[in-house]
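# Structure assessment
Spelled out from the first residue to the last, the chains are:
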Amino acid sequence: MLINDPGRRIREAVSVLEPGLVAIRRDLHAHPELAFEETRTAGVVAGELARLAIPHRTGLGRTGVVGVIEGGRPGPTLAIRADMDALPIQEDTGLPFASTVAGKMHACGHDIHTTTLLGVAAVLKDLAPQLAGRVLLVFQPAEEILEGAAAMIADGAAEGIDLALGFHNHPDMKVGTFGFARGACLAASDRFDLIVRGRSGHAAHPYAAVDPIVAAAHFVAQAQTVVSREIKPLHPAVVTIAQFTGGTTYNIIPERVHLRGTVRTLHQAARDTAEEAIRRLVAGLETTMRVACTLDYQRKVPPLVNDDRVLEPTMAAVRAQFGEVVEEGEPSMGSEDFAEFAARAPAFQLRIGSGAEGRDDRLHNDKYQPDERCIGLGVQALSRAALELLS
């Protein structure tokens, strides 16, 4: 029998769960773990799933956890994913539950995400008879290095999924609001290391050396033309050289320079063009500047593409639960390895407002303090979405 007022039932369930969820979040916040080190976090997750009598597997993608909720009727498999890892940042919030681990902090809100999905697990466990299908609760490690999703998928975490739902807190949106972007909402992320080798010598006699600093500087300047002159203006792209390392003192031309850069694109054609252009520029550098170059170019994750088949029912569920609290936003050139799940099944990533009154927080900041009310609100939104998607 279908429930007559799912919104009220979900709200009432969350009101009971919320104090316990906030306590879990604060515990996780005080004990952050970096990528593929999330053993304590995974233990907390597994313990909560066991307490809820939800079958689960551990050790997927090294430290990932997947729980399974079987619905009361046949239907598709919906994966709901949360990331668990922290960042190598020294926290400076002064909170009573601030990080107890030097140099590590939940500055992207993955403690919020993990806790939110535990709340969804509790709500959907109770509503399981109303679901037509099953829910996979995917607790993923190592999002911050864009490797955890691929590791979990390699261990079978995406097998049999028909739909995927992700979410992220947004401190740039007021708590109580929700957002979305259509199509490609987050960029592909590729990276490269470039070693430029010259011939060292005295800085007063550059003609007797081959200067890798000058050659590398030429490459940095030329790389700016990849976006401005080779990629269609309507295809957003970013090429950033973020590290330039070489030399030891004032009067020595070094033997080598090491550059590190990132390439972000929303379209496959732009992604291909950028890589081809960078490889061509590196090859030309060797000819024109008499250096030897070694380029290690790695494609990390594809663009995260929101599929209307998941987006529309999810946003309808959010509106049914909360009213008109939805904002359509723009794509971001940030990246997210939930894209690996989205490449395998229709998917959507929901934006959950976490901005606290009177604050101007940003992700990856040492003073980041999301409004904890976003946990319960996120539980409501995602639980209602699951009911809609598996109706």
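Residues numbered from 1 in each chain as written. Predicted model: local features only at pLDDT ≥ 70, side-chain atom pairs only at ≥ 80, totals over all residues. Heavy atoms only, no water.

Going by what an unreviewed UniProt entry lists, the protein chain is known as Amidohydrolase and is assigned to Falsiroseomonas algicola.

### Observations concerning the overall build of the protein chain
Selection criterion: Each helix corresponds to a stretch of at least 4 residues labelled H or I by DSSP, and each strand to a stretch of at least 2 residues labelled E; elements are numbered beginning at the N terminus. For the radius of gyration, the atom set is restricted to C-alpha positions; the globular benchmark scales as 2.2 Å times the number of residues to the power 0.38. Here the term buried applies to any residue with accessible area under 20% of the maximum for its type, exposed to any over 50%, and partly exposed to those in between, with areas from a 1.4 Å probe on protein chains only. The contact definition used throughout considers only heavy atoms, calling two residues in contact when any of these lie within 4.5 Å. Note on areas: Shrake-Rupley, 1.4 Å probe, and residue coverage restricted to the protein chains presented here. Positive charges come from Lys and Arg, negative ones from Asp and Glu, while His and the chain ends are left out of the count. A charged residue contributes its charge at one atom only: NZ of Lys, CZ of Arg, CG of Asp or CD of Glu.
The number of helices and strands found in the protein chain is nine helices and 16 strands. Its C-alpha atoms give the protein chain a radius of gyration of 24 Å, within 12% of the compact-globule value 21 Å for 391 residues. Taken along its principal axes, the extent of the C-alpha atoms in the protein chain is 85 × 45 × 40 Å. Counting only residues that meet the buried cut, the protein chain has 56% of its 391 residues in that class. For the protein chain, long-range pairs separated by at least 24 residues make up 81% of all intrachain contacts whose partners lie at least 6 apart in sequence. On the protein chain, roughly 16,500 Å² of surface is accessible, and the fraction owed to carbon and sulfur atoms is 52%. Seen as two clouds, the 39 positive and the 49 negative side-chain charges of the protein chain have centres 2 Å apart.

### Brief notes about the environment of leucine 295
Relative to the assigned elements, leucine 295 resides in strand S13 (residues 292–301). C-alpha separation for the pair leucine 295 and alanine 283, spaced twelve residues apart in sequence, amounts to 9.5 Å. Setting aside residues up to four positions removed in sequence, leucine 295 forms contacts with Phe192, Asp193, Leu194, Ile278, Arg279 and Val282.

### Remarks on the environment of leucine 118
Relative to the helices and strands, leucine 118 is located in helix H3 (residues 110–127). Here the alpha-carbon distance between leucine 118 and glycine 179, two residues 61 residues apart in the chain, equals 21 Å. Ignoring sequence-local partners within four residues, the contact set of leucine 118 consists of Leu21, Ile24, Val45, Glu48, Leu49, Leu52 and Phe139.

### Looking at the packing of aromatic side chains
What counts is decided by this rule: Working definition: rings of Phe, Tyr and Trp (its six-membered ring) pair if their centres are within 6.5 Å, and the pair is stacked with planes under 30 degrees apart, edge-to-face with planes over 60 apart, and tilted otherwise. Whether a charge sits over a ring comes down to the Lys NZ or Arg CZ being within 6 Å of the ring centre and within 35 degrees of the ring normal.
All chains considered together, the criterion is met by four aromatic pairs. Arranged with centres 6.2 Å apart and planes meeting at 85 degrees, the rings of phenylalanine 192 and phenylalanine 219 form a pair that is edge-to-face. Of this pair, phenylalanine 192 sits in strand S8 (residues 188–197) while phenylalanine 219 sits in helix H5 (residues 212–230); the two residues are 27 residues apart in sequence, bridging distant segments of the chain. Considered together, phenylalanine 192 and phenylalanine 219 belong to a single accessibility category, that of buried residues. Measuring from ring centre to ring centre gives 6.0 Å for phenylalanine 192 and tyrosine 297, while their planes differ by 10 degrees; the resulting arrangement is stacked. Linking phenylalanine 192 in strand S8 with tyrosine 297 in strand S13, this pair joins segments that are 105 residues apart in sequence. Here phenylalanine 192 and tyrosine 297 have matching classes, each one buried. Each member of the aromatic cluster is reached from another via a ring pair, and the members are Phe192, Phe219 and Tyr297. One cation-aromatic arrangement involves arginine 62 over phenylalanine 36; the distance from NZ or CZ to the ring centre is 4.0 Å.

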